[in-house]
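The residues making up each chain are set out below.
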Protein chains: 4
Amino acid sequence: MKVACLTGGGDCPGLNAVIRGLVRTIHNAGGETIGLLEGWRGAIEGNFVQLNPMETDEILPMGGTILGSSRTNPYKDESLVEQVVKTFNELELDCLVAIGGDDTLGVASKLYSDHNLPTIGCPKTIDNDLSSTDFTFGFDTCLNTVMDAVDKLRTTAESHRRVIVVEVMGRHAGWITCFSGIACSADAIMVPEQEVDLNAVCELLKKRRENGKKYGIVMVSEGAVLKGEDLTTKDAELDEFGHVKLGGVGSRVAKMIEKKTGIETRDVTLGHLQRGGSPSAYDRVLGTRLGIHAGRLALNKDFGKMVALNGLHIVGVPLAEAVGTMRTLYPEFLDEASEFLR
Amino acid sequence: MKVACLTGGGDCPGLNAVIRGLVRTIHNAGGETIGLLEGWRGAIEGNFVQLNPMETDEILPMGGTILGSSRTNPYKDESLVEQVVKTFNELELDCLVAIGGDDTLGVASKLYSDHNLPTIGCPKTIDNDLSSTDFTFGFDTCLNTVMDAVDKLRTTAESHRRVIVVEVMGRHAGWITCFSGIACSADAIMVPEQEVDLNAVCELLKKRRENGKKYGIVMVSEGAVLKGEDLTTKDAELDEFGHVKLGGVGSRVAKMIEKKTGIETRDVTLGHLQRGGSPSAYDRVLGTRLGIHAGRLALNKDFGKMVALNGLHIVGVPLAEAVGTMRTLYPEFLDEASEFLR
Amino acid sequence: MKVACLTGGGDCPGLNAVIRGLVRTIHNAGGETIGLLEGWRGAIEGNFVQLNPMETDEILPMGGTILGSSRTNPYKDESLVEQVVKTFNELELDCLVAIGGDDTLGVASKLYSDHNLPTIGCPKTIDNDLSSTDFTFGFDTCLNTVMDAVDKLRTTAESHRRVIVVEVMGRHAGWITCFSGIACSADAIMVPEQEVDLNAVCELLKKRRENGKKYGIVMVSEGAVLKGEDLTTKDAELDEFGHVKLGGVGSRVAKMIEKKTGIETRDVTLGHLQRGGSPSAYDRVLGTRLGIHAGRLALNKDFGKMVALNGLHIVGVPLAEAVGTMRTLYPEFLDEASEFLR
Amino acid sequence: MKVACLTGGGDCPGLNAVIRGLVRTIHNAGGETIGLLEGWRGAIEGNFVQLNPMETDEILPMGGTILGSSRTNPYKDESLVEQVVKTFNELELDCLVAIGGDDTLGVASKLYSDHNLPTIGCPKTIDNDLSSTDFTFGFDTCLNTVMDAVDKLRTTAESHRRVIVVEVMGRHAGWITCFSGIACSADAIMVPEQEVDLNAVCELLKKRRENGKKYGIVMVSEGAVLKGEDLTTKDAELDEFGHVKLGGVGSRVAKMIEKKTGIETRDVTLGHLQRGGSPSAYDRVLGTRLGIHAGRLALNKDFGKMVALNGLHIVGVPLAEAVGTMRTLYPEFLDEASEFLR
């Protein structure tokens, strides 16, 4: 059996774990795996590398993806889709495993439903905002990166009796913000799912200061919305994908807090730091398991499916159902977090 | 409402997260929490400290337990049980939350069923070997500790073309060994649940060396059993709890491997390192959530229950059912791991 | 003997190590140490805490300063200086140890020369830009913080074939930028001491890309100056100290690089992250040794001195000479770094 | 110019930094570098790899050595030395840079003095026990590894009110033990340079316990000697180099402490963990600078020299003088450490 895999969209710790699991599983069954380079661009241009299990066995601790990535989407132009099909046939592939976010999986789903290409998906979103799976890989590593950063910021905040506003990823969903807010004993958590009452946050910060707590930590999603004031669209620029460019939310919140409370407030934007680094143990295990099961789905010719985590088990779910269903933060987590935010 | 909590048995990263979650939740509802010191010994002797939410808010990043721990078991002697009941009444407690392993929870369960004491349990086992809950806190931190250690050992193994045998915790169950084996791209994983075929392991190490892989990593549980030879009882001593003292399994396996393969082999026992350190993000969140829900069970007078993780949710399960049910490693994990062990 | 200590100016990992070393040394000689709070403000207002060696023994791993800090300078107003002298007498101090940067040490020096107050200094500058001492504590921890961050950024840069510009501390001197540039295998290092030839940097980035290196790392000091264009004063704001507010240098450089090379370029500002966190082994040892020797100078009544590192030894140097001598990066380091920048 | 390099003896974090610095510097001057494999064995057998600067640029964060290592010593047999000279001529080398400890440098020195081979040395000893240089690379990374391990052990020791004995490297010199003892706020430091008074240590542990400090940390060198009892030769075995095999010192000290004090005492041997892992910032910079200057010595045909650190500068010192001069711990460090050990 000859399988191809690709990694599309933003990078994420754990991608290499998935690739490694897939390559080893196919190899054990006597097959071979190739890696298309830079996401769907490789599928369009027929750019690939042979993936040798002895070499891929070494990539487990590596962040990022050895295949590179891009946001190229063949469905922008029907001729590009034809090229993908052509590549598929020329390379005599029996299966294509697409590891990526909603866009990448959407392409894999359409290729299956419209062109009968034997595709399999593996979900990737560092924001953990995909339905059909309990956790996505990369999320845990990201939380630890944020936590380590805030552990460092805490000492400097405390020494200077300051409030520090930490801006983290979370365009549409607050999973990273809420979970890291809990892990970082934040005084306030501002997520896209909930309008922020900045006055209430300022009151709490002042009250805690009066009670003796000399510093404060405020976690803010990129996509947070302030009651009566849309933080995200203020001074909006367009980014490289044509989306409203987020940024500066943390900075704006910090200025507002300092103004309202009189407490020295600084901000830090963790940015690209959150996507990088060696995957945590959780993500190495999850990525590996997903790769192994993607390989097993391929060997069983169980196409049009996506591997997902359900409790402790890895299962296969129909690609079409999984795609396009964004999952916002469950209210129960905000409710639990709220015990520390009053 | 006046709640007492205690931490019994071996320590574990995340204990302080549980205490913190409990204290804050009880405080938010107008109640108070005290901490009994050093496990059940504090309940017997009436030794406690007042737990102030502002202070406990700061303990989240701290490993270990601020209350100390011991393996004291009041059920060794009926008079000790009477003292526990006496302490309970003298301190006018409305509830006692016991955070601990099987022994600690067993005592809490009996106090509830036999003496009607309003107890609540929170499971603690770094080995992740308890039924009724998907994951226990401390397990993730431990996996990362092992993983970081093996990431360091890999570079020295590779430079010297050696095999390194890593002995990790796992007296009866191989959760730590198997999951860290996957996370560390081990060449062999030796767990108590499965008799080890040492000859097969040696063949694999030699074959991989011939194919160009210059080093090897072998993960071994304390409680691993070698086909035809019980590694654990060889040269057995008794430890402080009257159990057969495990130890030297890694060392014995290393000698056998070197003898059979001719490859230079060293061993490392991670020991107490695995119990220590600041909890990972996963454990800070899980510990906090368990503490919050233990508090909520107490406020709802929902006694004789234990908090547990089920998928993404924290639930309450009857203490009596949870106690005494040890959970060995699921075969599916060994099956997945096996893709890399052939 | 009764000694007081204070920590002034920006915080820095290792401050607690110095305090701990001082307290223990004075205690061993039968004396006592108090800690003035929040830098010179505590000396003005007479705000202090008793420092107990058993408690301070535990602060070694803690970043920041348990005494808090401020940029209060008593020499702004002669009446404030009088209050410092008054506090000194009321508290019956035999010595005051000032741990801080140039401003803090300058005050200590003047109090000694103008008012005969028995002061001793311990230099603190995370930028390592002080003469009279080989290395200052906090510098090593900061380098490791930057290095860890860039190790994470490297994986995401490589996956996306990008250049990442990292803005780090260094208002007047490029020690942090140059040393971290070396430790992070940067492709370009932009320090205040050397006008940056951005065209040359862009040519190098393009050349390396053509030769197969898919990503780039550029380290930039806050205070870097671009040939023909002063990066620092562009869009200048005033910060809380009345200085020209630096910021956005990294962002501006990133935009220029992307424009000139056509390579996708992103920027990250590490900001306050660099001041925080648990001190490295080097800084725990250096801070401890400096604290011990500051204590010994005090016990020997060797006032008006500052402790400093000379090779492997801690020595005492006259405060007056040490103050006001800023040390820019030695050309030899830029020369060594240049081997990797062509 | 054609240069060869090799890494001999035990591995150490920073070796790859040296190789990288050398390769890049020779390349910049129009030369080429090859790497002999596995220490002097490669020089005997003529086994080598071409070292390409673009590839070696990526090895900076990697622990260990990409060239492998061995303890092979050509001077065991004159015919082997002839083969080294033969390899040198066949490969048309202009210079050989030997990176290693005393044995490796000794060979390089003899080849220079006896056979006129143009050799250059770079000192490597993780124990930091070499004269002629202030610090050796790998030492700092090792201290941080020990420190991180003890930071983890501290939480578990405190929770269980125990003393933990940590056995670390240091066969003849106590640099690692003393410096990590300071960095880890140890209660006792047992180094080879100073006979240990175990009774005094036990008294101190008991006194501190009575004063409220619930745990203890004891750092012990492999080569520590107990007054009246030689810990090292007790139950001695021979190791792979024919030396008395050290080991179990920590375990023996732990048993003695528990017996004499009645305090529960455990031991941990960090072993091979100390040699591994990604080099710290300090070691990446030092290794890089040493490699660059070794390259410059070669380009200047300044043979029979060894690069060394003197204060902040890298200098060249005659190989013959540097070899064979082991440097034990300076008394000043034990004196400073003693402030915390009484």
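How each quantity is defined
Position labels on residues start from 1 in each chain and follow its written sequence. Each chain is given a letter, starting from A, and each ligand a number, starting from 1, according to the order in which they appear as written. Local features in this predicted model are restricted to residues whose pLDDT is 70 or higher, and side-chain atom pairs enter the listing and the counts only when it is 80 or higher, whereas totals over whole chains, interfaces and linings include all residues. Derived side-chain values reflect all non-hydrogen atoms in the structure, with water molecules and hydrogen atoms excluded from consideration. Numbering of helices and strands starts at the N terminus; helices are DSSP runs of H or I of at least 4 residues and strands are runs of E of at least 2. Here a helix's expected span is defined as the number of its residues, less one, multiplied by 1.5 Å. Residue burial is assigned from relative accessible area. The probe radius is 1.4 Å, only protein chains are included, and a residue is buried under 20% of its type maximum, exposed over 50%, and partly exposed in between. Residue contacts follow a heavy-atom distance rule, with two residues in contact if any of their heavy atoms lie within 4.5 Å. We define buried area as the total accessible area lost by two parts upon association, computed with a 1.4 Å probe and summed across both. Should a side-chain nitrogen of Lys or Arg be within 4 Å of a carboxyl oxygen of Asp or Glu, the pair is scored as a salt bridge. Here a polar contact means two N or O atoms within 3.5 Å. Within protein one must be a hydrogen donor candidate and the other an acceptor candidate, and residues neighboring in sequence count only if both atoms are side-chain atoms. The pLDDT score gives, residue by residue, the confidence of the prediction method on a 0 to 100 scale. In this description, strands pair whenever DSSP reports at least two bridges between them. A crossover gets the label right-handed when its path from the first strand over the helix to the second runs clockwise, viewed with the strands pointing away from the viewer. What sets the superposition is a least-squares fit of C-alpha atoms, and only residues with pLDDT of at least 70 in both copies go into it.

Student: What am I meant to see in helix 1 (residues 15-28) of chain A here?
Tutor: An α-helical segment advances 3.6 residues per turn. Residues three or four places apart therefore align on the same side. All names here are of chain A. Compared with the 20 Å implied by 1.5 Å per residue over 14 residues, the 20 Å span of helix 1 between its first and last C-alpha is a close match. The element helix 1 is extensively covered by neighbouring structure, given that 12 of its 14 residues are classed as buried. Among the residues of helix 1, those classed as buried are Leu-15, Asn-16, Ala-17, Val-18, Ile-19, Arg-20, Gly-21, Leu-22, Val-23, Arg-24, Thr-25 and Ile-26. Within two residues after helix 1, Gly-30 carries a phi angle of roughly 90°, on the positive side.

Student: In this structure, what is going on with the interface of chain A and chain B? I would like to understand it.
Tutor: Every contact between the two is made by 52 residues of chain A and, on the other side, 52 residues of chain B. Around 4,500 Å² of area is buried between chain A and chain B when both sides are counted, 57% of it from carbon and sulfur atoms. In terms of surface lost to chain B, no three residues of chain A exceed Leu312(A), Glu339(A) and Phe340(A), which account for 16% of the buried area on that side. Where chain A packs against chain B, one counts 10 salt bridges. In this structure, the salt-bridge partner of Asp335(A) is Arg296(B), at a minimum N-O distance of 2.8 Å. Counting across the chain A and chain B interface gives 22 residue pairs in polar contact (both at pLDDT 80 or more).

Student: Explain the confidence of the model for chain A to me, please; I cannot follow it from the model alone.
Tutor: Caution applies to low-pLDDT regions: their predicted coordinates should not be interpreted in detail. Residue and element names in this part refer to chain A. Per-residue confidence for chain A gives a mean pLDDT of 92; residues scoring 70 or more make up 94%. Note that residues 231-235 has pLDDT below 50 and, in this model, 15 contacts with residues that lie over four places away or in other chains. Below pLDDT 50 for its whole length, residues 241-246 participates in 16 contacts with residues either more than four positions away or in separate chains. This prediction of the complex comes with two scores: 0.93 for pTM and 0.93 for ipTM.

Student: Could you clarify how one ought to interpret the pairing of strand 5 (residues 119-123) of chain B in this entry?
Tutor: Every other side chain in a regular strand lies on the same face of the sheet, so the side chains alternate between the two faces. Residues and elements named next belong to chain B. With five of five residues buried, strand 5 lies mostly within the body of the structure. With burial as the criterion, each face of strand 5 is covered, one bearing Thr-119, Gly-121 and Pro-123 and the other bearing Ile-120 and Cys-122. As paired elements, strand 4 (residues 95-100) and strand 5 share five bridges and run parallel to each other. Residue pairing in the sheet places Ala-98 in a bridge with Gly-121 of strand 5. Following the chain from strand 4 across helix 5 (residues 102-115) to the adjacent parallel strand 5, one finds a crossover that is right-handed. In terms of strand pairing, strand 5 meets strand 12 (residues 305-310) through two bridges, oriented parallel. If you follow Gly-121 over to strand 12, its bridge partner there is Met-306.

Student: What should I look at first to understand the relation of the copies chain D and chain B in this one?
Tutor: Mapping between the two copies of the chain is achieved by a rotation about an axis and a shift along the axis. In screw terms, the move from chain D to chain B is a rotation of 180° and a rise of 0.0 Å along the axis, fitting with an RMSD of 0.0 Å. Between the two chains, the operation in question is that of a two-fold axis.

Student: Looking at this structure, I do not really get the environment of Val268(A). What am I missing?
Tutor: Looking at where Val268(A) falls in the secondary structure, it is placed in strand 11 (residues 265-269). The buried category is assigned to Val268(A), whose relative accessible area is 5%. Each C-alpha atom of the pair Val268(A) and Ala254(A) lies 9.5 Å from the other, and the pair is 14 residues apart in sequence. Those residues in contact with Val268(A), other than ones at most four positions away along the chain, are Leu153(A), Ile164(A), Val165(A), Val166(A), Glu167(A) and His272(C).

Student: Explain the interface of chain D and chain B here, please?
Tutor: By a widespread convention, an interface's size corresponds to the accessible area lost as its parts come together. Listed as interface residues are 31 residues of chain D and, on the opposing side, 31 residues of chain B. When chain D packs against chain B, close to 2,600 Å² is buried across both sides, 53% of that on carbon and sulfur atoms. Three residues stand out in chain D for area buried against chain B, namely Lys152(D), His272(D) and Leu273(D), and they jointly supply 24% of the buried area on that side. Linking chain D with chain B are two salt bridges. In this structure, the connection of chain D to chain B is made through 14 residue pairs in polar contact (both at pLDDT 80 or more). Of all the secondary structure elements, the ones that give two or more residues to the side of chain D that touches chain B are helix 6 (139-159) and strand 11 (265-269) of chain D.

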